[in-house]
Amino acid sequence: MAEIYDEIGVDYANLRQPDRRWAARIGEALGTAQRVLNVGAGAGSYEPTISGEGVCEVVALEPSSVMIAQRPADAAPVVAGVAQALPFADSAFDAALAVLTAHHWPEPGAGFAELRRVAPRQVVVTWDRDVFADFWLVRDYLPEIAEREKDVATATEIVASLEAPRVVALPVPWDCVDGFLAAYWRRPRAYLDDRVRAAISGFALLEPDVVDRGIAALGQDLTDGAWQARYAELAELDEFDAGYRLIVGGAT
C-alpha cells in the first residue's frame, strides 16, 4: 500500500492533523508505556511525545517515502518497513500503535502477530464495518466503499487477532481536524473539494468514475437542499458515531 500513499499522501501533513480529542483517548490507551512503536506512522499523527513521566522512546515504521518526507524535523525516528515483517526484536517495545492503517495491510494476520511479538500491548484505531456502512456518505452516495471493505481488516478481524481485546467507541467531533473519511459528517460541502478527497484513501481506492458519480449526486443534493432536509438533525449534534473504534489488546 506504499504506492497508494505515495499518490494520496502529498498534502497529508496539512489535511490530516491529529485531533486533540482522539489524541487524548489514544494517550490513555497507551497508559504508562515507555517504549512505543507506531506502525503505519505516516506523517506522525497521534504519535506520543515525551512529556514528564510519559513516553520516553518512540519509533515509527512507515513504507511510503512520500509520507516519511512530511514528518516534522522533531518527529520520532522512522524506519522504512511493513507491518507483516517488523525489523525489531521480540518484546522490544511496551506498546505497538496502529492508527487507521490495518485496512491497508496485505497480510493483516501476520501484521497483528508481529505487533503481539514486539509489544505486550497493542493499541489500534479502526472502524466497525457495519456501523460505517450506515454513514450517510457511504449509504446514500458511495456504497462501493462498504463493498470494498468486505475484504479488508476492520474491527471484527482485529478483535479476533488480539488477546483480551477491549473495544471503545471513538465518536467524531463535528469540527474534527483530522480529515479522514467521516470527519466531515456535519460539513458535507468539504467532500466536494478535490484536495480534501485526495487525502482520503477511501476515495483513492475506488474507480474515479464511481467517485465522480457519487460526489456529483451529493453536490446536487446540497444545491437543491435535499441533503439539508434529510439530515437536519445532524446540525444539533456535537459528535457522531461513524463506527470508529479504539481497540486495546494484550497487557493493560
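What counts, and at which threshold
Residues numbered from 1 in each chain as written. Predicted model: local features only at pLDDT ≥ 70, side-chain atom pairs only at ≥ 80, totals over all residues. Heavy atoms only, no water. Helix = DSSP H or I, 4+ residues; strand = E, 2+ residues; numbered from the N terminus. Rg over C-alpha atoms; globule rule 2.2 N^0.38 Å. Areas by Shrake-Rupley, 256 points an atom, 1.4 Å probe, with all protein chains shown as cover. pLDDT = per-residue confidence, 0-100. Contact = heavy atoms within 4.5 Å. Buried < 20%, exposed > 50% of the residue type's maximum accessible area, 1.4 Å probe, protein only. Pairing = 2+ DSSP bridges. Phe/Tyr/Trp six-rings, centres within 6.5 Å; stacked < 30°, edge-to-face > 60°. Lys NZ or Arg CZ within 6 Å of the ring centre and 35° of its normal. Arc of directions from axis to C-beta. Core = buried A, V, L, I, M, F, W, Y, C linked by side-chain atoms within 4.5 Å.

Asks: Give me the lowdown on the overall build of the protein chain, citing residues and values where you can.
Replies: Check the secondary structure of the protein chain and you find 13 helices and nine strands. For 252 residues, the compact-globule estimate of 2.2 N^0.38 gives 18 Å, and the protein chain sits close to it at 18 Å. Carbon and sulfur atoms provide 52% of the accessible area of the protein chain, an area that totals close to 11200 Å².

Asks: Can you explain the confidence of the model for the protein chain? Please cite residues and give values.
Replies: With 91% of its residues at a pLDDT of 70 or more, the protein chain shows a mean pLDDT of 90. Confidence drops under pLDDT 50 across residues 1-6; counting only partners more than four residues distant or on other chains, this segment forms 14 contacts.

Asks: A description of the pairing of strand β2 (residues 57-61) should follow, citing residues and the corresponding values.
Replies: Burial within β2 is extensive, with four of its five residues counted as buried. As defined by bridge partners, strand β1 (residues 35-39) adjoins β2 across five bridges and the pair is classed as parallel. When the sheet's bridge partners are listed, Val36 is paired in β2 with Val58. Sheet topology note: the β2/strand β3 (residues 78-79) ladder contains two bridges and is parallel. When the bridges of β3 are listed, Ala60 appears paired with Val78.

Asks: Help me get a handle on the packing of aromatic side chains, residues and values and all.
Replies: As enumerated under the stated definition, the model contains 20 aromatic pairs in all. Here the aromatic rings of Trp22 and Tyr244 are separated by 5.5 Å at their centres, their planes lie at 65°, and the arrangement is edge-to-face. With a gap of 222 residues between them, Trp22 in helix α3 (residues 20-30) and Tyr244 in strand β9 (residues 244-250) connect regions that are remote in the sequence. When the centroid spacing of 5.2 Å and the interplanar angle of 25° are considered together, the rings of Trp185 and Phe240 count as stacked. Placement of the pair is Trp185 in the loop between β7 (172-173) and α10 (194-198) and Phe240 in strand β8 (residues 239-240), with a sequence separation of 55 residues. A residue is classified by how much of its surface remains accessible, and Trp185, at 0% relative accessible area, is buried. The ring of Trp174 has Arg186 lying over it, and the distance from NZ or CZ to the ring centre is 4.3 Å.

Asks: Give a detailed account of helix α5 (residues 108-118), specifying residues and quantitative values.
Replies: Residues of α5 that are buried: Gly111, Phe112, Glu114, Leu115 and Val118. Down the axis of α5, the smallest arc covering the buried residues is 155°, so these residues share one side. Buried-residue contacts for α5 involve β1, β4 (95-99), β5 (121-127) and α9 (155-161).

Asks: With reference to specific residues and values, describe the nonpolar core.
Replies: Looking at soluble globular proteins, one finds that nonpolar side chains tend to be buried together. Of all hydrophobic cores here, the largest spans 53 residues; its most connected members are Trp22, Phe135, Trp136, Leu137, Tyr191, Phe203 and Tyr244. Taken together, the elements giving at least two residues each to this core come down to α3, β4, β5, α7 (136-141), α8 (143-148), α12 (208-224) and β9. Setting aside residues no more than four positions away along its own chain, Phe135 makes contact with Leu181, Ala182, Trp185, Tyr191 and Phe240. Counting 21 residues, the second-largest nonpolar core is a separate cluster that includes Phe88, Phe93, Ala98 and Ala155.

Asks: Quick rundown of unusual backbone geometry? Include the residues and the values.
Replies: One non-glycine residue with positive phi stands out, namely Tyr46, at about 70°. Notably, Leu100 is not glycine yet its phi reads approximately 50°, a positive angle. Topologically, Leu100 is positioned in the loop between β4 and α5.

Asks: So, the sheet that holds β3: which residues are in play, and what are the values?
Replies: Reading across the sheet, the seven strands line up as β3-β2-β1-β4-β5-β9-β6 and stay open at both edges, with mixed pairing between neighbours. Strand pairing shows two members of the sheet lacking a second neighbour, β3 and β6 (166-169), which therefore form its edges. As paired elements, β5 and β9 share seven bridges and run antiparallel to each other. Following the sheet pairing, Arg121 is matched in β9 by Gly250.

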